[in-house]
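# Tertiary structure, described
Here is how the chains run, residue by residue.
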Amino acid sequence: MTAHFANSQSKPAGFDLDQMTRRMVVAIGGAMTAICLYAIGRALLGMTPDLPHLKNIALVIHITTVIPCLPLGMYLLLARKGTARHKQLGKMWVALMVITATSTIFLYEDFRFSWIHIFVPITYRAAWLIVSTARKGDIVRHRKEIIGLFFGALMIPGIAAVAIPDRLMNVMIFG
């Protein structure tokens, strides 16, 4: 099947993101995925200082579930929608995001939550709406919630994890 583009906002047949959103998913999601791979590579090659962060089981669960969300979320946003594969992988992505958010509840300093914990209820709300709108057939709202969760609750905290000193990603990248 050939896709025809009438203008910069057109969509290929069977896909539901406009060209600008697709570009943002590829650019931002691709950059965050590359940053994660770089950080993991540095750690595996022994190029980082000791990582006492990894003694915290909640953080290990958090990392284990959030990292696959980057490429999987990108794939789901860019690939053909409505297929059995899309539905199965979408359920997996939502489950990983909920587990990631839940593990975040157990990540705090001095028994205090930080501003980043605001993404926990945002993720729970979005996960509920992603599932419920898909089941109702409200694909426009479903798409908006997915895009919002991908950029809002995955990219913003991811960028913060890289930028804020002493956070695991920051230590793995900058030492």
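Residues numbered from 1 in each chain as written. Predicted model: local features only at pLDDT ≥ 70, side-chain atom pairs only at ≥ 80, totals over all residues. Heavy atoms only, no water.

## Let's talk about the layout of surface pockets
What the largest pocket holds in volume is close to 1000 Å³. Where the lining of the largest pocket is concerned, the elements lending two or more residues are α1 (19-44), α2 (57-78), α3 (84-105), α4 (119-136), α5 (139-163) and α6 (168-174). Broken down by element, the residue count for the lining of the largest pocket peaks at six residues, all from α2. Counted as a void, the second largest pocket has a volume near 530 Å³. If you trace the second largest pocket, you find 22 residues lining it, with H86, K87, I130, A134 and H142 closest to the centre. (1 Å grid on protein atoms, 1.4 Å probe; cavity = no way out; pocket = protein on both sides within 12 Å on 5 of 7 lines; lining within 4 Å. Points joined across faces, edges and corners; volume = space filled by probe spheres on them. Helix = DSSP H or I, 4+ residues; strand = E, 2+ residues; numbered from the N terminus.)

## Quick notes on the packing of aromatic side chains
By the definition in use, this model includes three aromatic pairs. Measuring from ring centre to ring centre gives 6.1 Å for Y108 and F113, while their planes differ by 85 degrees; the resulting arrangement is edge-to-face. Residue classification places Y108 among the partly exposed positions, given a relative accessible area of 39%. You can call F113 exposed: its relative accessible area is 54%. (Phe/Tyr/Trp six-rings, centres within 6.5 Å; stacked < 30°, edge-to-face > 60°. Buried < 20%, exposed > 50% of the residue type's maximum accessible area, 1.4 Å probe, protein only.)

## Quick word on unusual backbone geometry
In this structure, D166 is a non-glycine residue whose phi angle is positive, near 75 degrees. Relative to the assigned elements, D166 resides in the loop between α5 and α6.

## Examining the pattern of salt bridges
All told, the structure shown has two salt bridges when counted by the stated rule. A salt bridge links E145 to R125; the nearest nitrogen and oxygen atoms lie 3.2 Å apart. You can see E145 sitting in helix α5 and its partner R125 sitting in helix α4, a full 20 residues away along the chain. Given the relative accessible area of 12%, E145 is considered buried. Of the charged contacts in the structure, one is a salt bridge between R141 and E145, with a shortest N-O distance of 3.6 Å. Of this pair, R141 and E145 both sit in helix α5, four residues apart, which is roughly one turn of the helix. (Salt bridge = Lys/Arg side-chain N within 4 Å of Asp/Glu carboxyl O.)

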